[in-house]
Each structure stands twice: as structure tokens, then as C-alpha cells.
Amino acid sequence: MPLIRAWLEAANQPECDFPLNNLPLGVFSTGGTYRCGVAIGDQILDATGLEEAGLLRLGDMPVLDQPGWNKLMALGPAVWAALRARLTDLLREAAPEQDQVAPFLHPMHGARMHMPFTVAEFTDFYAGRHHATNVGTMFRGAENALPPNWLHIPIGYNGRASSVVVSGSPVRRPWGQIKGPDDAKPRFAPSARFDLELELGAIVGQASNGPVTVAEADQMIFGYVLLNDWSARDIQAWEYQPLGPFQAKATATSISPWIIMRAALEPFRVSTPAREVPLLPHLQERGPMLYDIALQVDLTSHDGQSVTIARTNYREMYYSSAQQLAHHTTSGCPMRVGDLLGSGTISGPTKDSRGSLLELGWGGKEPIQAGGITRSFLEDGDTITLRGATQGDGYRIGFGTCEGTVLPALTDPYER
Ligand code: CA
């Protein structure tokens, strides 16, 4: 699909994250109330304002009168498509409504971004083969790197919706119970092995009550965001057996402020990698369910030095979000509008394509060194910035950025 030209020239530039083909959805404010907005070029279109003015009609009642896109999601795929069609008509080059729409544009640099939707529930998976192999090799040796179930089901755990925050929110280094392999007993201390995980988050836009197929699951997905699953490795190592991560992953999970709708990613579908063992029929996909999305992790230290520490691609995942969602429902587990599914850490096959410091620095044994920065794990004041984009013919579908800065641990977390 070629670039759809907009009457905003900034949206037609090849390096722009937000051309008319993208139309990502967010929630913004410029000092007053929170509004539903759509990114176009270097501007945010006030979609709530458009609806109030009668230029955007999505139902019999207002849909964008709340600061979040959940109401739109609940209306289903036909309305999702109608929204994109109407916005495309209003913003297309030489659109007759240009003068009516222009007053609803706000410069992006002057706006604050907020959570784009209300997270109903949050589940995180462990579905990247390179990541699972790296972590498994570190903890169990190369022979037993993948757990016996790994090639048969996308492993996941139920996380906390309450811990999901929007890009830009600071993240406080957590305290927790820690016991190293050589320690006689556990102690309560700030995490010394605080880490990031580069992931993609899939947003469920339709509810289910009973098992769904992979194809049905794919159609239930509303869109995607970048996701950083902040992880305290030392807390995790002590607490995780036998039920998986708990407090190590509960401090915060950051997401990018713009929801990239599934429709915008359609031209960039790719297949999952070859299967080592065939999946059971209920997890087999009938078509390409991943996307070709180049991903990047930047680390900026407290003194402003910035380096790219990893480059990878979402197509490296072994299981797609549709497969994860289908698996999630096999028991009859009801899914809700606004559920968020973390893909699992997205690592590639090479050393510089690993999506966590745990892997990049091999558990602290091989600290990364780049541009004067040496790191095994995150230091106070470090900012992590995730970026992602597909490359089209003369345009890109960008995700924007997902940022978070690590604040020092409190001196005493129980001080009142
Ligand atoms: Ca994770």
C-alpha cells in the first residue's frame, strides 16, 4: 500500500512516525481536560472535539466523551473501520473539510500524553524463543534451556493491570526480598539487578466467553503498543519458583501512549518462524500473524549520554499475540475489552539484538560497553526509550516512544 497523502505536509515525510496510513489513538491534554486524540504528522487531532462538533459520528451516543478508547473498542471492528475511514476522508490531501478540521489540531510538542485506554487486566507471556533460550541457558544450561512445555504452549502469567503506566512516568527502584545463591538467608533490600524488557503489548478490543480460535483471536485484537516490563532480577530469582514472577514484575510496566490499530499494520504481516514440533490444532495459525516491526532500545544515563543497546524485530517471536490470546481462552477464561497481553521479551539471534540487560550483559558476567556507558543492570537516573516502526514504501508506521526513568530506591520504604 502506498502513502496516503494528507493535507498536513509533515505527515507526508518519509521519516514521520504518524502518516495518514497510521492514525494511532491516544489521550492527551494541553492544560485542560483529557481528550481522545489521533496523531497526524507533528500534530494531535482532537477527536473528542470533532465528535462534539458533529464532524465525527461513531454511534447514536457520544463515544469519545471519556478519556480512553475503551468505548470505541467495545463497539467492534465495523466501527473501528468506520473511524479510520472517516479520519482518512477528513485528513486526505484536498479534503473539503480542511478548514473545519484545522481548529481541532494541536502541536504534539505542547501536549501531555496520558494512558490511552483503561487496562482491564494484564497478562505477560514468555513467547520469544531467543529470549527463553538465553535466560534458560543462563539458569539451567544450554541442554535444558527451554522448559519441556515451551514448544507446545505460549507460557504466561497473570500480571497486574494496576501497575501499567504511560510512557514518561518515572519508575522507582523497588525494594524486595532477595537471597543470592551464596547468601545464608534472605534480606530485604533495594533491587540491585533492575532491568527492562522490550515487548509489544496487544490490546484486546472484543470480549470473549469461551475458547476462541487463533483466527478469531486475531480479529479480537484492537491494536498494539510498545511495552517495557520492568523486572527486578534479584527479587525474581528468589521468589519465582514454583508459581512464576510476582513482586519482581509488579513495580511498573510502561506502555507507549499511541495505540497502533491492527488495521494500520495489515500490510506488514509476516509468518511465525518454522515450528520445531507441530503445534496442536487449536494453536495453529492459518495465515501470517506476526508483523515486521523494527525495534530499538536506547539507554540514556543520568549525565545525558545516550546509546542504542539493542536492535531487533517483532517477527522474531515464536508465538503471535493471536496465538497467545487463543491459548488464554482455552480454559474458558473470559477476556475483557481493554485486556493487555505482553508479548514476552523480543530478542533476536545476535548478541546486539537482545531485549533485556539480563541477556545483553549475560547476568552481569559480560557488562555491555557502549559510548562510555558500562552496564550490567540499570542505574539510578537511567532512562530507557523503546522505539518501533514498520517500513512501508515511502512511509513508516511508527509507534513513537515508550520512555521511563529509574528513580533511586526510597531510603526506607516503610517510613510514614
Ligand atoms: Ca516480560
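Residues numbered from 1 in each chain as written. Predicted model: local features only at pLDDT ≥ 70, side-chain atom pairs only at ≥ 80, totals over all residues. Heavy atoms only, no water.

Trainee: In this structure, what is going on with the overall build of the protein chain? I would like to understand it.
Mentor: Each helix and strand in the protein chain was counted, giving 10 helices and 26 strands. Along the first, second and third principal axes, the C-alpha atoms of the protein chain reach 75 × 50 × 45 Å. The buried share of the protein chain, taken over its 416 residues, is 55%. For the protein chain, the share of sequence-separated contacts (at least 6 apart) that also reach a separation of at least 24 residues comes to 71%. Summed over its atoms, the accessible surface of the protein chain is roughly 17,700 Å², and 52% of this surface lies on carbon and sulfur atoms. Put simply, the protein chain has 33 plus and 44 minus side-chain charges, and the middle of one group is 4 Å from the middle of the other. (Helix = DSSP H or I, 4+ residues; strand = E, 2+ residues; numbered from the N terminus. Buried < 20%, exposed > 50% of the residue type's maximum accessible area, 1.4 Å probe, protein only. Contact = heavy atoms within 4.5 Å. Areas by Shrake-Rupley, 256 points an atom, 1.4 Å probe, with all protein chains shown as cover. Lys, Arg positive; Asp, Glu negative; His and termini not counted. Charge placed at Lys NZ, Arg CZ, Asp CG, Glu CD.)

Trainee: Would you mind going over helix H9 (residues 321–329) with me for this structure?
Mentor: An α-helix turns once per 3.6 residues; consequently, residues spaced three or four apart project the same way. When you tally the buried positions in H9, you get nine out of nine residues, the bulk of the element. Those residues of H9 lying buried are Ser321, Ala322, Gln323, Gln324, Leu325, Ala326, His327, His328 and Thr329. Looking at the buried positions of H9, the neighbouring elements they touch are strand S6 (122–125), strand S7 (156–158), strand S13 (198–204), helix H6 (214–220), strand S14 (221–229) and strand S22 (340–342).

Trainee: Just checking my understanding: could you explain the pairing of strand S1 (residues 25–29) for this structure?
Mentor: Remember that side chains alternate between the two faces of the sheet whenever the strand is regular. Most of S1 is tucked away, with five of its five residues classed as buried. Alternating residues of S1 divide into Leu25, Val27 and Ser29 and Gly26 and Phe28, and every residue in both groups is buried. Direction of pairing for S1 relative to strand S2 (residues 35–40): antiparallel, over a ladder of four bridges. Counterpart to Gly26 in the pairing with S2 is Gly37. Counted between consecutive antiparallel strands, the loop separating S1 from S2 contains five residues, among which Gly31 sits at a positive phi close to 115 degrees. Here S1 pairs with strand S5 (residues 112–114) via three bridges, running antiparallel. Within S5, the position partnered with Phe28 by the bridge is Met113. (Pairing = 2+ DSSP bridges.)

Trainee: I tried to follow the domain arrangement of the protein chain on my own but got confused; where do I start?
Mentor: The figure often quoted for interface size is the accessible area lost as the parts come together. In terms of domains, the protein chain is made up of domain 1 (9–114) and domain 2 (122–407). Taking the mean C-alpha position of each, domain 1 and domain 2 sit 29 Å from one another. Between domain 1 and domain 2 the total buried area reaches about 2,100 Å² when both faces are included, carbon and sulfur atoms providing 68% of it. Counting across the domain 1 and domain 2 interface gives one salt bridge. With a shortest N-O distance of 2.8 Å, Asp17 and Arg396 are connected by a salt bridge. (Domains from an automatic or database assignment. Buried area = accessible area lost by both parts, 1.4 Å probe. Salt bridge = Lys/Arg side-chain N within 4 Å of Asp/Glu carboxyl O.)

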